[in-house]
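# Residue-level structural notes
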Amino acid sequence: MYIIVGLGNPGKRYENTRHNTGFSVIDVIAEKNGISVLEKKHKAVIGKGNIEGQKVILVKPQTYMNLSGECVREIVDYYKVDEKSRLIVIYDDVSMDVGRLRIRKKGSAGGHNGIKNIILHLGHDVFQRIKIGVGEKPESYDLADYVLGHFTSEEVKKIKESAVLANEAVRLIVWDETEAAMNRFN
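Keep in mind that this is a model prediction, so the values were computed, not measured. Residue positions are counted from 1 within each chain, in the order its sequence is given. In keeping with the predicted nature of the model, local features appear solely for residues at pLDDT of at least 70, side-chain atom pairs appear and are counted solely at 80 or more, and the whole-chain, interface and lining totals rest on all residues. Hydrogens and water are ignored here; the side-chain numbers use all heavy atoms of the structure.

### Quick word on helix H2 (residues 68-79)
For an α-helix, 3.6 residues make a turn, and residues three or four places apart therefore share a direction. The secondary structure listing takes helices from DSSP runs of H or I that are at least 4 residues long and strands from runs of E that are at least 2 residues long, numbered from the N terminus. Working rule for helices: expected span equals 1.5 Å times residues minus one. With 12 residues, H2 ought to run about 16 Å at 1.5 Å a step, and its terminal C-alpha atoms sit 17 Å apart, in line with that. Three or more residues of H2 are buried, namely Ser68, Gly69, Cys71, Val72, Ile75, Val76 and Tyr79. Angularly, the buried residues of H2 cover 160 degrees about the axis, an arc narrow enough to put them on a single face. At the C-terminal side of H2, Lys80 shows a positive phi close to 50 degrees. Exposure classes here rest on a 1.4 Å probe applied to the protein chains alone. A residue is buried below 20% of its type maximum, exposed above 50%, and partly exposed in between. By definition, the arc is the one covered by directions from the helix axis to the C-beta atoms.

Next up, the structure:
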């Protein structure tokens, strides 16, 4: 079983913002794989299904970004999943161009508060992740305002394309083909 977590903030106010890219990708993965993400459980909205014959749980934490680790720890413990090999976290990255993907098996938080909190709650930084570029903030912007801001129409198109690619990366990862996913999408 794999737990696939898309990071974001709950509520209409945050829909389609840069910081909710993880939620948007979970929505695409759910749609492409016929999984309904509606069950409220473990401080999240979850959906259970299969991808490439592997059981998966799609997760959208409802704890707000900066407390994502609370949800992740609870769900990993409940399903007794080895987070070092069976957890995939999908999130936005301001250090990459809009729509660019980067897959990693471990690493630092890189300034991302949601990832910092997950590392805090897991006690380590060894878990698979798919980062989606949302573009570097303009110099005059506050970082919080930027990540909580909305994409331009051109950026929306790139993010939608990258969500489809992220779904393909997940399909490879659940077959223990993380290296292949990294080679193809990084």
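### Considerations on the packing of aromatic side chains
Pairs were defined over the aromatic rings of Phe, Tyr and Trp, the Trp ring being its six-membered one, requiring ring centres within 6.5 Å. Orientation was assigned from the angle between planes: stacked under 30 degrees, edge-to-face over 60, tilted for the rest. Overall, the coordinates contain three aromatic pairs when judged by the stated rule. Both rings, one in Tyr14 and one in Tyr64, keep their centres 6.1 Å apart while their planes meet at 80 degrees; by these two values the pair is edge-to-face. Of this pair, Tyr14 sits in the loop between strand E1 (2-6) and helix H1 (21-32) while Tyr64 sits in the loop between strand E4 (54-61) and H2, and the two are 50 residues apart along the sequence. Pairing Tyr78 with Tyr79 gives two aromatic rings, centres 4.8 Å apart and planes at 80 degrees, and the pair type is edge-to-face. Relative accessible area serves as the criterion here: at 17%, Tyr79 is assigned to the buried category. Across the ring face of Tyr146, the terminal group of Arg18 is positioned such that the distance to the ring centre comes to 4.0 Å. Should the NZ of a Lys or the CZ of an Arg lie within 6 Å of a ring centre and within 35 degrees of the ring normal, that charge is described as sitting over the ring.

### Digging into the sheet that holds E4
Between any two strands, pairing holds if DSSP finds at least two bridges. Spatial ordering of the open sheet is given by E2-E3-E4-E1-E5-E7-E6, a layout of seven strands whose pairing is mixed. Sheet topology places strand E2 (39-41) and strand E6 (101-104) at the edges, where each strand pairs with a single neighbour. Going across the sheet, the axis of each strand differs from the next one's by a mean of 25 degrees, ignoring polarity. By the bridge criterion, four bridges tie E6 to strand E7 (residues 128-133) in an arrangement that is antiparallel. From the neighbouring strand, Arg102 faces E7, where its bridge partner is Lys131. Along the sheet, H2 makes contact with E1, E2, strand E3 (44-51), E4 and strand E5 (87-93), crossing E4 at roughly 155 degrees. Geometry is summarised by axes, namely lines fitted to C-alpha atoms with helices restricted to the contacting stretch, and by angles between N-to-C directions that run from 0 to 180 degrees. Contacts between residues were defined by any pair of non-hydrogen atoms, one from each residue, lying within 4.5 Å.

### Quick notes on the pairing of E4
Of all eight residues that make up E4, six are buried, and the element is covered over most of its length. Examined bridge by bridge, E1 and E4 share four bridges and lie parallel to one another. Note that in E4 the partner of Tyr2 across the bridge is Val56. Here eight bridges tie E3 to E4, and the two strands are oriented antiparallel to one another. The residue of E4 that forms the bridge with Gly49 is Val56. Taken together, E3 and the strand that follows it, E4, pair antiparallel across an intervening segment of two residues, in which Glu52 is found at a positive phi of about 55 degrees.

Function cannot be inferred from these measures alone, as they are strictly geometric.
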